[in-house]
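Chain by chain, the residues run as shown.
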Amino acid sequence: QVQLVESGGGLVQAGGSLRLSCAASGIMFSVDAMDWYRQAPGKQRESVATLTSGGSTNYADSVKDRFTISRASAWNLVYLQMNNLKPEDTGVYSCHLRTRRLGRPYDYWGQGTQVTVSS
């Protein structure tokens, strides 16, 4: 059974930094990509960063040049380095693993970690 556990969230002042981690275990299938999503209070969940198995990255415009997604040599640890944080970055951050087996996708979610940025 795949498990994703996020950590590293907390309370930080605007301009500060946090590094989120997503620890993955039980991965049995081929990995397509890992995403970080966030959900702010009263808003829909949005994708903020993606790292593909080919090494490509993609970021939401609102976090470009401030956030960096990376991983350890295996997919067991994926990071989201967040710099120059703004109050609008506040939300619950979740990692989302996209895998595939015999052409069929299998997706998994973590429980999320709270990030609060004070002004």
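Nothing here was measured: the structure is a model prediction, and the numbers come from that model. Each chain carries its own residue numbering, running from 1 in the direction its sequence is written. In keeping with the predicted nature of the model, local features appear solely for residues at pLDDT of at least 70, side-chain atom pairs appear and are counted solely at 80 or more, and the whole-chain, interface and lining totals rest on all residues. Hydrogens and water are ignored here; the side-chain numbers use all heavy atoms of the structure.

### Focus: the state of the cysteines
Whenever a pair of cysteine sulfur atoms sits within 2.5 Å, that pair is classed as a disulfide. Across all of its chains, the model carries one disulfide by this definition. Put simply, C22 and C95 are joined by a disulfide, and their sulfur atoms are 2.1 Å apart. Handedness of the C22-C95 disulfide follows from its S-S torsion of about 65 degrees: it is right-handed. Taken together, the residues C22 in strand β3 (residues 18-25) and C95 in strand β9 (residues 91-101) connect sequence positions 73 residues apart. For helices the rule is a DSSP run of H or I covering at least 4 residues; for strands it is a run of E covering at least 2, with both sets numbered from the N terminus onward.

### Section: the nonpolar core
Proteins that are soluble and globular tend to have nonpolar side chains buried together. Core analysis: the biggest nonpolar cluster contains 29 residues, and L4, W36, L80, M82 and Y93 have the highest contact counts within it. Put simply, the parts of the chain that give this core at least two residues each are β3, β4 (30-39), β5 (46-52), β7 (67-71), β8 (77-82), β9 and β11 (113-118). Per element, the largest residue contribution to this core is four residues, and it comes from β3. Apart from residues lying up to four places away in sequence, L80 is in contact with L18, R19, L20, W36, V48, A49, F67, T68, I69 and Y93. Nonpolar core, defined: a set of buried Ala, Val, Leu, Ile, Met, Phe, Trp, Tyr and Cys residues in which side-chain atoms within 4.5 Å join the residues together. Accessibility here uses a 1.4 Å probe with only protein chains present; expressed as a share of the type maximum, an area under 20% marks a residue as buried, one over 50% as exposed, and anything in between as partly exposed. Two residues qualify as a contact provided that any one of their heavy atoms is within 4.5 Å of a heavy atom in the partner residue.

### Description of the side chain of S94
Within the secondary structure, S94 is located in strand β9. With residues up to four places along the chain from it excluded, the contact list for S94 reads E6, D35, W36, Y37, W109, G110, Q111 and G112.

### What to know about the sheet that holds strand β1 (residues 3-7)
Being paired, for any two strands, means DSSP has found at least two bridges between them. With antiparallel pairing, four strands are arranged side by side in an open sheet as β1-β3-β8-β7. If you trace the sheet from one side to the other, it starts and ends with β1 and β7, each paired once. Strand-to-strand twist across the sheet, computed as the mean angle between neighbouring axes with direction ignored, equals 15 degrees. Where β3 lies against β8, six bridges are found, and the strand directions are antiparallel. By the bridge assignment, A23 is partnered in β8 with L77. Between N-to-C directions, angles span 0 to 180 degrees; the directions come from axes that are lines fitted to C-alpha atoms, helices contributing only their stretch in contact.

### Looking at the packing of aromatic side chains
Given two aromatic rings, their pairing is described by the distance between the two centres and the angle made by the two planes. Centre distance within 6.5 Å is the pairing criterion for rings of Phe, Tyr and Trp, where only the six-membered ring of Trp is used; planes under 30 degrees apart are then read as stacked, over 60 as edge-to-face, and the remainder as tilted. Counted by the stated rule, this structure contains two aromatic pairs. Here the aromatic rings of F29 and Y106 are separated by 4.8 Å at their centres, their planes lie at 50 degrees, and the arrangement is tilted. Taken together, the positions of F29 in the loop between β3 and β4 and Y106 in strand β10 (residues 104-109) put the pair 77 residues apart, joining distant regions of the chain. Against the face of Y79 rests R19, its NZ or CZ located 4.1 Å from the ring centre. Comment: the charge-over-ring label is applied if NZ (Lys) or CZ (Arg) is within 6 Å of the ring centre and within 35 degrees of the ring normal.

### Here we look at the pattern of salt bridges
Put simply, a salt bridge is a Lys or Arg side-chain nitrogen that is within 4 Å of an Asp or Glu carboxyl oxygen. Tallied over the entire structure, the rule returns six salt bridges. Between R38 and E46 there is a salt bridge, and its shortest N-O distance comes to 2.8 Å. For R38, a relative accessible area of 5% gives the class buried. With a closest N to O distance of 3.2 Å, D61 and K64 form a salt bridge.

### Observations regarding unusual backbone geometry
Of note, N84 is a non-glycine position whose phi angle comes to about 50 degrees, a positive value. Note that N84 resides in the loop between β8 and β9. A relative accessible area of 42% means that N84 is categorised as partly exposed. One non-glycine residue with positive phi stands out, namely L102, at about 50 degrees. Relative to the assigned elements, L102 resides in the loop between β9 and β10.

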